[in-house]
Amino acid sequence: MRYACKRFWRLQYQRGFRRPEWRECGRIFVKMSEKMTACIAEVEKENQDTRLIPLSALQHYAFCPCQCALIHNEQAWAENYLTAQGRALHERVDSGEPEMRKGVRFERTVHVSAEKLGISGVLDLVEVETKTGRLKPVEYKRGKPKPDPVEEIQLCAQGLCLEEMTGQTVSEGALCYMQTRHRVSIVFSDDLRTQTLASIAAVRELLGSGLTPPPDYGKRCKACSLVEICHPVLLGKRDRSVAYVEGLFGGIDEIYYKQDEL
């Protein structure tokens, strides 16, 4: 559009393009282009405001806000043996065909989207009871159950998506762990729903800011595939130089103060 405007104004100085009607057409063309540019900018802003948060971002944020920002804001990614095992597990689960067993239909790779909550994603498995129509999301994990409710929040968010899409209540889900070969049933209680909504709001604020918080160096950094990108050892440790300088000069002032008293 800008190139067309510049080209037109260059042509008008050539012979045959100096008539008033051509100048008037050029002014109208420029005004139309400015209006179109403004409309496009407004639409892009609206699309940015209604950006849907991936369900995986909830787990990334609970694991480390810096990791969440690197993956979903800066589009950074690196593979290690843990992520490779998880990807292989999900590929094996997603490649299965829908099936029916004992009155339960198993739907795999279910795409969900909740416009009101502002989240979307792909579910590993959804169990549908043929008689009652009850839905139960099932999430597969590589490791073993964790003490914090990180994975439970992600599973509850899947249930909230199903509730918004179908209009029925999803009361529970399940987590299947490959390492322990164990399945854990998770009830979507009011407390878990509140934590899930708070996590969604926190992730939305982080991704909306476009900023990447500094890393908080800890034991979990050893399992992170982005450790070579964020450098938590260099950037995550607390800077103690200020306290050291204050303590050093504070001690000197105290010595001079005692000497003055003597």
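Structure: see above.
Here the structure is a predicted model, which means the values were calculated and not measured. (Residues numbered from 1 in each chain as written. Predicted model: local features only at pLDDT ≥ 70, side-chain atom pairs only at ≥ 80, totals over all residues. Heavy atoms only, no water.)

S.K.: So what's going on with helix H6 (residues 150-166)? Residues and values would help.
M.R.: Helix length check: H6 (17 residues) gives 25 Å between terminal C-alpha atoms against 24 Å at 1.5 Å per residue, within 8%. Where burial is concerned, most of H6 is hidden: 13 out of the 17 residues are buried. Positive phi appears at Gly-167, one or two residues downstream of H6, with a value of about 85 degrees. (Helix = DSSP H or I, 4+ residues; strand = E, 2+ residues; numbered from the N terminus. Expected span 1.5 Å × (residues − 1). Buried < 20%, exposed > 50% of the residue type's maximum accessible area, 1.4 Å probe, protein only.)

S.K.: Explain the packing of aromatic side chains residue by residue, including any values.
M.R.: Applying the stated criterion to the full structure yields zero aromatic pairs. Seen from the ring of Phe-106, Arg-101 lies directly overhead, with NZ or CZ sitting 4.4 Å from the centre. (Phe/Tyr/Trp six-rings, centres within 6.5 Å; stacked < 30°, edge-to-face > 60°. Lys NZ or Arg CZ within 6 Å of the ring centre and 35° of its normal.)

S.K.: Break down the nonpolar core for me, with residues and values.
M.R.: Formed by 31 residues in total, the largest nonpolar core has its most connected members in Ile-53, Leu-55, Ile-119, Leu-162, Phe-188 and Val-203. At the level of elements, helix H3 (55-63), helix H4 (65-72), strand E3 (104-114), strand E4 (119-129), H6, strand E6 (172-177) and helix H7 (190-209) are the ones that each hand at least two residues to this core. Broken down by element, this core gets its largest block of residues, seven residues, from H6. Apart from the residues lying within four places of it in its own chain, the contact partners of Phe-188 are Pro-137, Leu-155, Cys-156, Gly-159, Val-170, Ser-171, Glu-172, Gly-173 and Arg-193. Grouped together as the second largest cluster of nonpolar side chains are eight residues, Cys-64, Ala-76, Leu-226 and Cys-230 included. (Core = buried A, V, L, I, M, F, W, Y, C linked by side-chain atoms within 4.5 Å. Contact = heavy atoms within 4.5 Å.)

S.K.: Quick rundown of the environment of Gly-218? Include the residues and the values.
M.R.: Within the fold, Gly-218 resides in the loop between H7 and helix H8 (227-230). Along the primary structure Gly-218 and Pro-232 are separated by 14 residues, whereas in three dimensions their C-alpha atoms are 8.3 Å apart.

S.K.: Hey, could you go over unusual backbone geometry for me, with residue numbers and the actual values?
M.R.: Despite not being glycine, Lys-102 shows a phi value in the positive range, around 50 degrees. For Lys-102, the position within the fold is in the loop between strand E2 (99-101) and E3. Residue Lys-102 is classed as exposed on the basis of its relative accessible area of 86%.

S.K.: Break down the packing of H4 against H7 for me, citing the residues and quoting the values.
M.R.: Contact geometry for H4 and H7: axes closest at 10 Å, N-to-C directions at 55 degrees. Here H4 is positioned oblique relative to H7, judged by the angle of their axes. For the pair H4 and H7, the crossing hand works out as right-handed. Residues Pro-65, Cys-68, Ala-69 and His-72 of H4 pack against Val-203, Leu-206 and Leu-207 of H7. Taken together, the residues that form the contact of H4 with H7 break down as six nonpolar, one polar and no charged. (Axes fitted to C-alpha atoms, helices over the stretch in contact; angles between N-to-C directions. Parallel < 35°, antiparallel > 145°, perpendicular 65-115°, else oblique. Left-handed = near helix turned anticlockwise from the far one by under 90°. Nonpolar A, V, L, I, M, F, W, Y, C, P; charged D, E, K, R; others polar.)

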